[in-house]
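This is what each chain is made of:
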Amino acid sequence: MRTWDVFCSVIDNYGDIGVSWRLARSLACVHGARVRLWVDDLAAFQRIRPEIRLEREQQQCDGVTVCAWRAPFASTPPAEVVVEAFGCTLPDSYVVDMATQSPPPVWINLEYLSAEPWVAAHHGLPSPHPRLPLTKYFFFPGYTAQTGGLMRERDLLTRRTHFLAAETAAYWQSLGLAAPEPGEWRVSLFAYENPALAELLDAWAAGADAVTLLVPEGRILPQLADWLDKPGLHAGESVRRGALDVRVLPFVSQDDYDRLLWACDLNFVRGEDSCVRAQWAARPLVWQAYPQAEAAHHDKLDALLAIYTESLAPGAAQLLTDTWRRWNGVPGAPDMAACWAGWRAQRDELSRHAAAWQAQLAARPSLTDALVDFAESTLKYRVFSTP
Ligand code: TRH
């Protein structure tokens, strides 16, 4: 049984732990690996996996040993494969211990996801340690065969199919909602603070179509409360303005968040992991990229738009491009009211395309499978090349 150590430092938000946890769980449950997940912020982890206990130094969760990553780092034998998630910088003492192993562990830096074309040329590149006999490899998730793929649990699409066939009515009931009316939009909203929000809410409230907006608690709530002219908003509240019915949900577990994405007609997502989940949900999505200095995220946005819209009918492609750009503050894009005016006419085409896109992505190996293959072939090569 292969041993893996996955290190995750939570910088901000939930994406780092979200992806690290999915990886650790798949390695243990699907690949039968013995996995330790080192996390420096168990509270962030607990938000997406409520069973996590904050006071425990070590705990078992879905076959993974979850370890509190503390400083100074207590010495422990390194695993055969070590994943440094998102360049989180391993403890110095652990790196020194890695160098004493023969053969040394396969050391992989799991990078952030981007659809930018340069990613393919960087995927898998080695970087020798400046002093120690160690090599770190850069593993890039991505959308093409030349990259490391996307995170997808083996049973994800089957679970989604089963949910849609048998569980949606009960799901809406659990949220206190009846089944959607014909023509109604059920929309989920997970977003960073966003200057374009008010114009979108205005458009929804004044529009001809009923919109039920489902908002898990998070950073967008203060802005939403301002627009509703309320001092604050909490899970369980619902407020109506014109055609718009706003429902605030609790921040739920990762698995429940998937259900929300599967059930809705349109999902507003952000960062990295929810964007990928919305693509697996096979529903139209509006993506807010994680804001970066010098608007570097606009390049990421355009790169995903370019591949996502490639086989989309021109009218729908333009609408999606305008909407995503405005939602991300790209200068020159038409406002959200103008964008939303086009969504009814493009609804079917965007929905059809979202399903075709998901099927296209599902034909590729998942990130976990690709990472395991990468680690195994590197380990094999080492065995042959160790004198
Ligand atoms: O939380 P994020 O904004 O994370 C971001 C990005 O990953 C970004 O790349 C990174 O650099 C930055 O953090 C520091 O968005 P993301 O990536 O979508 O992660 C959210 C996670 O939270 C995802 O795993 C889904 C999960 N989630 C729930 O479990 N329950 C919920 O109710 C919601 C709304 C999300």
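Because the structure is predicted, anything quoted here is derived from the model rather than measured.

The next subject is the overall build of the protein. The helix and strand inventory of the protein stands at 15 helices and 14 strands. Computed over C-alpha atoms, the radius of gyration of the protein comes to 22 Å, within 12% of the 21 Å expected from 2.2 N^0.38 for 387 residues, which places it in the range of a compact globule. Dimensions of the protein along its principal axes, counting C-alpha atoms only, are 75 × 45 × 40 Å. Expressed as a percentage of contacts within the protein between residues at least 6 apart in sequence, the contacts between residues at least 24 apart total 68%.

Here we have six strands laid out as an open sheet, ordered 11-12-10-9-13-14, and mixed in their pairing. Sheet topology places strand 11 (238-241) and strand 14 (285-288) at the edges, where each strand pairs with a single neighbour. With strand direction ignored, the average angle separating the axes of adjacent strands in the sheet is 15°. As paired elements, strand 9 (residues 185-189) and strand 13 (residues 266-270) share three bridges and run parallel to each other. Across the sheet, Ser188 pairs through a bridge with Asn267, a residue of strand 13.

Burial along strand 14 is two-sided: Leu285 and Trp287 facing one way and Val286 and Gln288 facing the other are all buried. Across four bridges, strand 13 lies against strand 14 in parallel orientation. In the strand pairing of strand 14, Val269 is matched with Trp287. For the segment spanning strand 13, helix 10 (residues 273-280) and strand 14, crossover handedness is right-handed.

The immediate surroundings of the ligand are formed by 23 residues, with Tyr192, Val252, Arg270, Asp273 and Ser274 found nearest. Within the backbone of Gly15, an N or O atom sits 3.0 Å from an oxygen atom of the ligand. At a separation of 2.5 Å, an oxygen atom of the ligand approaches a polar side-chain atom of Tyr192. Here the ligand, which alone exposes 710 Å², has 97% of that area covered by the protein. Secondary-structure elements contributing two or more residues to the shell around the ligand are helix 1 (15-29), helix 9 (254-263) and helix 10. The element best represented in the shell around the ligand is helix 1, accounting for four residues. Taken together, the residues of the shell around the ligand sort by class into ten nonpolar, seven polar and six charged.

Its 15 residues give helix 1 an end-to-end C-alpha distance of 21 Å, which sits within 8% of 21 Å, the value for a rise of 1.5 Å per residue. For helix 1, a buried count of 13 out of 15 residues is recorded, marking the element as mostly surrounded by other parts of the structure.

With that settled, consider the pattern of salt bridges. Under the definition given, this model contains 28 salt bridges. Of the charged contacts in the structure, one is a salt bridge between Lys230 and Glu237, with a shortest N-O distance of 3.4 Å. On the basis of relative accessibility, which here comes to 23%, the residue Glu237 falls in the partly exposed class. The salt bridge involving Glu349 is made with Arg352; its shortest N-O contact spans 2.9 Å. One end of the pair is Glu349 and the other is Arg352, both in helix 14 (residues 343-362) and three residues apart, which spans about a single turn. Residues participating in the shared-partner salt-bridge network are Arg22, Arg25, Arg49, Glu51, Asp62, Glu153, Asp255, Asp258, Asp273 and Arg277.

A few words on the nonpolar core. For soluble globular proteins, the rule of thumb is that nonpolar side chains tend to be buried together. Counting residues in hydrophobic clusters, the biggest one holds 116 residues, and the most contacted among them are Trp4, Leu37, Phe45, Trp204, Phe268 and Trp327. Filtering out sequence-adjacent residues up to four positions away, Trp327 remains in contact with Leu189, Ala191, Asn194, Ala196, Leu197, Leu200, Phe268, Val286, Trp287, Gln288 and Met336. Judged by nonpolar contacts, the second largest core, of 14 residues, contains Phe7, Leu90, Met98 and Trp107.

The rules behind the values
Residues numbered from 1 in each chain as written. Predicted model: local features only at pLDDT ≥ 70, side-chain atom pairs only at ≥ 80, totals over all residues. Heavy atoms only, no water. Helix = DSSP H or I, 4+ residues; strand = E, 2+ residues; numbered from the N terminus. Rg over C-alpha atoms; globule rule 2.2 N^0.38 Å. Contact = heavy atoms within 4.5 Å. Pairing = 2+ DSSP bridges. Axes fitted to C-alpha atoms, helices over the stretch in contact; angles between N-to-C directions. Buried < 20%, exposed > 50% of the residue type's maximum accessible area, 1.4 Å probe, protein only. Right-handed = clockwise from strand over helix to strand, strands pointing away. Near = heavy atom within 4 Å. Polar contact = N/O pair within 3.5 Å; in protein donor to acceptor, adjacent residues only side chain to side chain. Areas by Shrake-Rupley, 256 points an atom, 1.4 Å probe, with all protein chains shown as cover. Nonpolar A, V, L, I, M, F, W, Y, C, P; charged D, E, K, R; others polar. Expected span 1.5 Å × (residues − 1). Salt bridge = Lys/Arg side-chain N within 4 Å of Asp/Glu carboxyl O. Core = buried A, V, L, I, M, F, W, Y, C linked by side-chain atoms within 4.5 Å.

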